[in-house]
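Below, each chain spelled out in residue letters.
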Amino acid sequence: MIPSKSILCSLLAGIAILPVTAADYTVAGVLLPKKEAQVISFKPKAITDISLVSVVPQGTRVSKGQTVAVSDVKNLNRQIEAMERVVRSKQLDFEKVKFELEQDKILVAMKNQEAKTALQRMDEDLQDFKQKRQARMLAEEDEKVNRAVRNRSYKKEELDQLKQMYAEDQVAVETEEVILTRLNNEFSEADFAVKGAELSASIAKTRTIKRYAEDLENARKQKELEVKSIEFKNQQALEQKQIAFEEAETALAQAKEQLNNMKTDVAMVQFQSPADGVVIYGGYVGNRWTSAEMVTKLRPGGKLVPYDQVATIVPENSELIVQAVLPETVAAPQAGQPVKVKIAGKEFPGTVIESHSVPDAAGKRHIIVKPHAATQEIFVPCLPVQVVISTPQA
């Protein structure tokens, strides 16, 4: 039967050469479950450390789903509550910016259309002027001159007739002189009006109407630039609002992710056993067990840090193997070669099942040995494991 106390402190990986005979050498090894062991790791997404309230003793038999370590999650629960408020706040910010963006899109479209409509109307006014009003204005100026000329001709004819009538009468009357003077004055005024009308028409044709057309053209160009400026500024404002929307969306997604990570961490730090088996503190990392280091952490008040391998769950009926590191000065044994395995003061036969003559990345050569003994006999905690390898006599 497997002891119920700390299992596998025989987890000392190292190299030791102990002379047995002139033809034998002994290396230190580490006892490992062959494949079935499962590791409980501390891999948080949001928290950086956790305090333990209690931990089951090493060597305890546990069932799948059973709690191996109890964590203090009060502070984490407070952080979750605070993050939930942050998420609600970010949700409101997001909805506000989203609403503003939708409204701005409508307003921008309306403002752009208003500016385009104003430009279109100016185009229509300009075309109307060129095609109709300009000719009409020129014709009106000509008509003003013609009207003045006709009026002058009427006055001239009336004056000539009156002079002729007075000459034939040969009788000078004072009233007739007054009338004649008045008609002379009216003719002079009509003649002056003709000259004024001709001058006004000339100025209107060469300046006023021409400049009016130029003003329309310039106003149209200014309006076109104004439309482009409005569209550009509106587009800039819309893009800024779009950026604000995306930032709010990202902030909300990040807050939700942080909240979900916290909730995942709360579930993760329950540290439940993934399978039936025996609890071994730590894990097998870098060719050695980390049980000794984890003993100082796996206690009430102990602190875990990310990526700690909290415990390994080893099935009770797990097949065990021994991994050993060969010294540089000896040749690697062949796979299938018999060896001796010493565990807890007992010696068992074993067989080399893997032998690596080429060093690994750390420059070490490994052999894997299968002990020929029942698991219950060799699965003993806190005792060294030795592999005795025989070499041919010289």
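Check the entry above for the structure.
In this text, all values refer to a predicted model and were calculated from it rather than measured experimentally.

Parameters at a glance
- Residues numbered from 1 in each chain as written.
- Predicted model: local features only at pLDDT ≥ 70, side-chain atom pairs only at ≥ 80, totals over all residues.
- Heavy atoms only, no water.
- Helix = DSSP H or I, 4+ residues; strand = E, 2+ residues; numbered from the N terminus.
- Contact = heavy atoms within 4.5 Å.
- Areas by Shrake-Rupley, 256 points an atom, 1.4 Å probe, with all protein chains shown as cover.
- Phe/Tyr/Trp six-rings, centres within 6.5 Å; stacked < 30°, edge-to-face > 60°.
- Buried < 20%, exposed > 50% of the residue type's maximum accessible area, 1.4 Å probe, protein only.
- Core = buried A, V, L, I, M, F, W, Y, C linked by side-chain atoms within 4.5 Å.
- Salt bridge = Lys/Arg side-chain N within 4 Å of Asp/Glu carboxyl O.
- Pairing = 2+ DSSP bridges.
- Patch = residues over 30% accessible without salt bridge, like charges linked within 9 Å, V, L, I, M, F, W, Y side chains within 5 Å.
- Polar contact = N/O pair within 3.5 Å; in protein donor to acceptor, adjacent residues only side chain to side chain.

K.L.:
For this particular structure, what's the right way to read the overall build of the protein?
P.N.:
Scanning the protein from terminus to terminus reveals 4 helices and 16 strands. Taking contacts inside the protein between residues at least 6 apart in sequence as the whole, the part at least 24 apart equals 77%. As displayed, the protein has an accessible area near 23300 Å², and 53% of this comes from carbon and sulfur atoms.

K.L.:
Would you mind going over the packing of aromatic side chains with me for this structure?
P.N.:
Applying the stated criterion across every chain yields a total of 3 aromatic pairs. Measuring from centroid to centroid gives 6.2 Å for Phe42 and Phe271, while their planes differ by 65 degrees, and the two rings are edge-to-face. Here Phe271 lies in the loop between α2 (174-268) and β7 (277-281) and Phe42 lies in strand β3 (residues 38-42), a separation of 229 residues in the sequence. A relative accessible area of 1% places Phe271 in the buried class.

K.L.:
Explanation requested: unusual backbone geometry in the structure shown.
P.N.:
It is generally the case that most residues other than glycine have a negative phi and that most peptide bonds are trans. Although it is not a glycine, Phe271 sits at a positive phi angle of roughly 50 degrees. Its identity as a non-glycine residue notwithstanding, Tyr307 has a phi of 75 degrees, on the positive side. Turning to its location among the elements, Tyr307 is positioned in the loop between β10 (303-304) and β11 (308-314).

K.L.:
Please clarify how the nonpolar core should be interpreted in this entry.
P.N.:
Taken as a class, soluble globular proteins show a tendency for nonpolar side chains to be buried jointly. Among the nonpolar cores identified, the biggest contains 37 residues, and Phe42, Phe271, Val279, Leu298, Leu304 and Val310 are the most heavily contacted of them. Those elements that place two or more of their residues in this core are β3, β4 (50-55), α1 (74-169), α2, β7 and β11. Not counting chain neighbours up to four residues away, the residues in contact with Leu298 comprise Leu52, Val55, Tyr281, Leu304 and Val310.

K.L.:
What's the story with the environment of Gln386 in this structure? I'm lost.
P.N.:
Structurally, Gln386 is set in strand β16 (residues 385-390). Here the alpha-carbon distance between Gln386 and Glu347, two residues 39 residues apart in the chain, equals 9.3 Å.

K.L.:
What am I meant to see in the environment of Glu231 here?
P.N.:
Summarising the element assignment, Glu231 is placed in helix α2. Taking the relative accessible area as the measure of exposure, Glu231 reaches 27% and is therefore partly exposed. Taking the C-alpha atoms as reference, Glu231 lies 9.5 Å from Lys116; in sequence the two are 115 residues apart. Residues within four places of Glu231 in sequence aside, it is in contact with Asn112 and Lys116.

K.L.:
Can you help me understand the pattern of salt bridges in this one?
P.N.:
A side chain with one charge can pair with a side chain of the opposite charge if their charged atoms come near. According to the stated counting rule, one finds 19 salt bridges in the structure shown. Notably, a salt bridge pairs Asp191 with Arg152, separated by 2.7 Å at the nearest N-O pair. Of the two residues, Asp191 sits in helix α2 while Arg152 sits in helix α1, which places them 39 residues apart along the sequence. Judged by relative accessible area, Asp191 falls into the partly exposed class, the value being 21%. Asp308 serves as the salt-bridge partner of Lys297, at 2.9 Å between the closest nitrogen and oxygen. With Lys297 in the loop between α3 (291-295) and β10 and Asp308 in strand β11, this pair connects stretches of sequence that are 11 residues apart. In this structure Asp308 comes out as buried when scored by relative accessible area, which is 10%. Several salt bridges converge on common partners, so that one network encompasses Lys96, Glu100 and Lys241.

K.L.:
Help me out: how do you make sense of the sheet that holds strand β6 (residues 69-71) in this one?
P.N.:
Strand-to-strand pairing in sheets goes through backbone hydrogen bonds, with the strands running parallel or antiparallel. Read from one edge of the open sheet, 3 strands run β6-β4-β10, paired in antiparallel fashion. Looking at the sheet topology across the chains shown, the edges are occupied by β6 and β10.

K.L.:
Is there a simple way to think about the environment of Ala135 in this case?
P.N.:
Along the chain, the position of Ala135 falls in helix α1. Each C-alpha atom, one on Ala135 and one on Ile209, is 9.8 Å from the other, the two residues being 74 residues apart in sequence.

K.L.:
What is the right way to read a nonpolar patch on the surface from this model?
P.N.:
On the surface, Ile106, Leu107 and Met110 cluster together into a nonpolar patch covering about 280 Å² of accessible area. Residue classification places Ile106 among the partly exposed residues on the basis of a relative accessible area of 48%.

K.L.:
Would you mind going over the sheet that holds β3 with me for this structure?
P.N.:
Strand order across the open sheet formed by 4 strands is β3-β11-β7-β5, with antiparallel pairing between neighbours. Looking at the sheet topology across the chains shown, the edges are occupied by β3 and β5 (61-62). Where β3 and β11 come together, 5 bridges link them in antiparallel fashion. Counterpart to Phe42 in the pairing with β11 is Asp308.

K.L.:
Would you take a moment to explain the side chain of Ser273 for this structure?
P.N.:
Mapped onto the secondary structure, Ser273 falls in the loop between α2 and β7. Among the polar contacts listed, one links the side chain of Ser273 to the backbone oxygen of Ala275, at a separation of 2.5 Å. Apart from the residues lying within four places of it in its own chain, the contact partners of Ser273 are Ile40, Val62, Ser63, Lys64, Gly65, Gln66, Val68 and Ile313.

K.L.:
I would appreciate a short explanation of the pairing of strand β12 (residues 320-326) in the present structure.
P.N.:
The side chains of a regular strand alternate between the sheet's two faces. Counting buried positions along β12 yields 7 of 7 residues, so the element is predominantly enclosed. Of the two faces of β12, both are covered, the one formed by Leu320, Val322, Ala324 and Leu326 as well as the one formed by Ile321, Gln323 and Val325. Alignment of strand β2 (residues 24-33) against β12, held across 5 bridges, turns out to be antiparallel. Across the sheet, Leu31 pairs through a bridge with Val322, a residue of β12. Judged from the 5 bridges that link them, β12 and strand β15 (residues 365-371) form a sheet pairing that is antiparallel. Residue pairing in the sheet places Val322 in a bridge with Val369 of β15.

K.L.:
Would you mind showing me how to read the pairing of strand β13 (residues 338-343) here?
P.N.:
The side-chain alternation of β13 yields one buried face, formed by Val339, Val341 and Ile343, and one unburied face, formed by Pro338, Lys340 and Lys342. Two strands pair when backbone bridges link them, and β13 and strand β14 (residues 346-355) are joined in this way by 6 bridges, in the antiparallel orientation. Counterpart to Pro338 in the pairing with β14 is Thr351. Where β13 meets β16, 4 bridges bridge the pair, whose relative direction is antiparallel. When the sheet's bridge partners are listed, Ile343 is paired in β16 with Val385.

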